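# Remarks on the overall topology
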Amino acid sequence: MKAARYHGKEDLRVEEVPEPVTQPGTVKIRPAWTGICGSDLHLFLEGPFPPAPSQTQPHPLSGETLPVVFGHEFSGVVEELGEGVEGLAVGDAVVVEPFMVCGECPPCRDGLYNACVKMGFIGISGRGGGLAEHIVVERRWVHPVGDVPLDQAALVEPLAVAYHGVRLSGAKAGDTVLVGGAGPIGLLTCAVLHAIGARAVVTEVSGARKAKALETGVADVVLDPREVDVAARVLELTDGRGADVAIECSGAQPVLDTLTRALKAGGTLQIVALFSEPPTLDVMTVLLRELTIKGAIGYADDHPAAIRLVQDGKVDLAPFVTGRIAVEDVVEKGYRELIDHKDDHVKIVVSV
């Protein structure tokens with residue numbers, strides 16, 4: 001079958017590879033659309049780093065070294081059911097929660113499988129990926145999406161990231177939530193906040209991203225830190241209290257600093273973004289204002305709820321699909337386009 005495989009830094013090739021075989025307890029899927037994620041871009045530009053294997057060091061769960069099939073944000077159609085699989089039928093539209101977990105470490109036993117000590121991702125760490133004509137996945141990771149269009153369904157994975165962060169933050173209807181960054185995860189975080197009835201205030205410098213936040217209606221207020229003092233403006237918007245919750249989606253130190261200053265006493269700072277360098281934290285502000293700091297990685301049992309938000313019409317994913325390309329063009333019209341014109345896109349999806 002045809003598949004796009006990651007060989008290393010700036011080396012992604014469309015090749016012929018063996019077609020996977022269905023095993024008991026697994027589901028064979030024909031991928032429809034696969035989103036390009038920020039982590040994919042980092043791997044492409046920088047070379048392999050965990051959870052990706054290297055050419056010599058296999059991933060501890062997949063046992064695979066490079067090359068691996070890429071693509072962990074994907075939708076598709078069920079082609080075949082392995083022995084013992086229930087709750088699905090051939091022809092069902094589905095998405096995949098692309099985890100690999102050991103099931104044995106303390107986090108896994110505690111239900112925090114997203115913090116598995118050996119955690120990996122299908123489409124990064126091995127076991128196939130969405131940029132292939134077929135993939136075989138354990139039944140536990142397959143979620144039906146009903147009549148959600150498959151190009152939009154490819155965004156359920158990042159939507160689940162956003163939903164997980166909002167859920168852990170404790171944000172609720174009526175809260176004012178300051179979101180740091182209007183990239184893909186920031187915009188989807190605003191969409192989830194809008195769906196639950198919270199007021200989403202986003203801080204962003206990119207003109208295109210500010211426009212997307214406003215035109216999609218997911219942000220109630222958009223602030224540019226080059227034009228206003230964001231923390232001061234949030235105080236004005238909240239009658240001097242400050243934001244109930246701040247959700248960091250940018251991975252940028254200045255944004256983290258702003259969010260910390262903008263919180264009310266007793267507020268919560270929820271960190272969702274990955275930082276390329278360890279950030280610093282204003283501990284005295286955390287101390288004196290009794291702030292709560294939380295982390296969020298991926299998702300854990302969040303896909304069904306994220307899918308329901310879309311099915312119920314509370315989140316519209318259509319405006320966030322900003323490009324559709326074929327796998328043969330994945331490097332030039334996908335990766336290079338996002339590298340050179342990232343502010344013009346939320347999500348480019350790829351078909352094989």
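Cut-offs and rules
- Residues numbered from 1 in each chain as written.
- Predicted model: local features only at pLDDT ≥ 70, side-chain atom pairs only at ≥ 80, totals over all residues.
- Heavy atoms only, no water.
- Helix = DSSP H or I, 4+ residues; strand = E, 2+ residues; numbered from the N terminus.
- Rg over C-alpha atoms; globule rule 2.2 N^0.38 Å.
- Buried < 20%, exposed > 50% of the residue type's maximum accessible area, 1.4 Å probe, protein only.
- Contact = heavy atoms within 4.5 Å.
- Areas by Shrake-Rupley, 256 points an atom, 1.4 Å probe, with all protein chains shown as cover.
- Lys, Arg positive; Asp, Glu negative; His and termini not counted.
- Charge placed at Lys NZ, Arg CZ, Asp CG, Glu CD.
- Core = buried A, V, L, I, M, F, W, Y, C linked by side-chain atoms within 4.5 Å.
- Domains from an automatic or database assignment.
- Salt bridge = Lys/Arg side-chain N within 4 Å of Asp/Glu carboxyl O.
- Pairing = 2+ DSSP bridges.
- Buried area = accessible area lost by both parts, 1.4 Å probe.
- Nonpolar A, V, L, I, M, F, W, Y, C, P; charged D, E, K, R; others polar.
- Phe/Tyr/Trp six-rings, centres within 6.5 Å; stacked < 30°, edge-to-face > 60°.
- Lys NZ or Arg CZ within 6 Å of the ring centre and 35° of its normal.
- Axes fitted to C-alpha atoms, helices over the stretch in contact; angles between N-to-C directions.
- Parallel < 35°, antiparallel > 145°, perpendicular 65-115°, else oblique.

Broken down by element type, the protein chain carries 11 helices and 18 strands. The C-alpha atoms of the protein chain give 20 Å as radius of gyration, which agrees with the globular expectation for 352 residues (20 Å, within 12%). Summarising its shape, the C-alpha atoms of the protein chain cover approximately 60 × 40 × 40 Å along the three principal directions. When the 352 residues of the protein chain are sorted by exposure, 54% land in the buried category. At a minimum sequence separation of 6, the contacts of the protein chain that also span at least 24 residues come to 68%. On the protein chain, roughly 14,700 Å² of surface is accessible, and the fraction owed to carbon and sulfur atoms is 51%. A distance of 3 Å separates the average location of the 31 positive side-chain charges in the protein chain from that of its 48 negative side-chain charges.

Before going further, it helps to examine the nonpolar core. Counting residues in each nonpolar core, the largest one holds 92 residues, and the members touching the most others are L12 and L317. Composition of this core by domain shows at least three residues from each of domain 1 (2–148 + 317–351) and domain 2 (159–295). If we skip the residues at most four places from it in the chain, L317 touches Q152, L155, V156, L159, L188 and V310. Among the nonpolar cores identified, the runner-up in size contains 18 residues, and L223, V230, V234 and V255 belong to it.

One pass over the structure, following the stated rule, counts 19 salt bridges. Residue E15 pairs with R5 through a salt bridge whose shortest N-O separation is 2.6 Å. With E15 in strand β2 (residues 11–16) and R5 in strand β1 (residues 2–8), this residue pair connects regions lying 10 residues apart in the sequence. Take E15: its relative accessible area is 18%, and that puts it in the buried class. What makes R5 partly exposed here is its relative accessible area of 22%. Overlapping salt bridges bring together R5, D11, R13 and E15 as one network.

The next point concerns the sheet that holds β2. A sheet is described by the order of its strands in space; here three strands give the open sequence β2-β1-β4, paired in antiparallel fashion. Each end of this open sheet is capped by a strand with a single partner; those strands are β2 and β4 (68–69). Sheet topology note: the β1/β4 ladder contains two bridges and is antiparallel. Following the sheet pairing, Y6 is matched in β4 by V68.

Now for the domain arrangement of the protein chain. Taken domain by domain, the protein chain comprises domain 1 (2–148 + 317–351) and domain 2 (159–295). Using C-alpha coordinates to define each centre, domain 1 is positioned 29 Å away from domain 2. Opposite the nine residues of domain 1 that make contact, domain 2 presents 11 residues. Note on domain 1 versus domain 2: buried area summed over both sides is about 850 Å², and carbon and sulfur give 70% of it. Per-residue buried area on domain 1 facing domain 2 is highest for F320, D343 and V346; these three make up 57% of the total on that side. Between the two partners, domain 1 and domain 2, sit one salt bridge. For the salt bridge of R209 with D343, the shortest nitrogen-to-oxygen distance reads 3.4 Å. In the side of domain 1 that touches domain 2, the residues fall into four nonpolar, two polar and three charged.

Further remarks concern the packing of aromatic side chains. Across all of its chains, the model carries seven aromatic pairs by this definition. One aromatic cluster in this structure is built from F99, Y113, F121, W141 and Y299. Between the NZ or CZ atom of R140 and the centre of the ring of Y113, over which it lies, the distance is 5.3 Å.

Where helix α4 (residues 156–169) meets helix α10 (residues 303–311), the axes come as close as 9 Å, and the angle between the chain directions of the two elements is 110°. As the angle between them shows, α4 and α10 are arranged roughly perpendicular. Mapping the contact onto sequence places V156, E157, L159, A160 and Y163 in α4 and H303, A305, A306, I307, L309 and V310 in α10.

As for its position among the elements, V21 is in the loop between β2 and β3 (26–35). Residue class for V21 comes out exposed when judged on its relative accessible area of 58%.

Turning next to helix α8 (residues 253–262). Owing to its 3.6 residues per turn, the α-helix aligns residues three or four sequence positions apart on the same side. All buried positions along α8 are accounted for by V255, L256, T258, L259, T260 and A262. Buried residues belonging to α8 abut β11 (176–180), β12 (199–203), α7 (230–237), β14 (243–248), β15 (263–271) and α9 (283–288).

One ladder, built from eight bridges, connects β3 with strand β5 (residues 73–81); its direction is antiparallel. Residue pairing for β5: R30 is matched across the bridge by V77.

The next subject is the sheet that holds β14. Within the open sheet, the six strands sit side by side as β13-β12-β11-β14-β15-β16. Their pairing is parallel. One side of each edge strand has no neighbouring strand; the edge strands of this open sheet are β13 (221–223) and β16 (292–295). Neighbour-to-neighbour, the strand axes of this sheet turn through a mean angle of 20°, independent of strand direction. The pairing of β12 with β13 spans three bridges and is classified as parallel. The residue of β13 that forms the bridge with T203 is L223. Along the sheet face, α4 touches β14, β15 and β16 and points at about 150° away from the line of β15.

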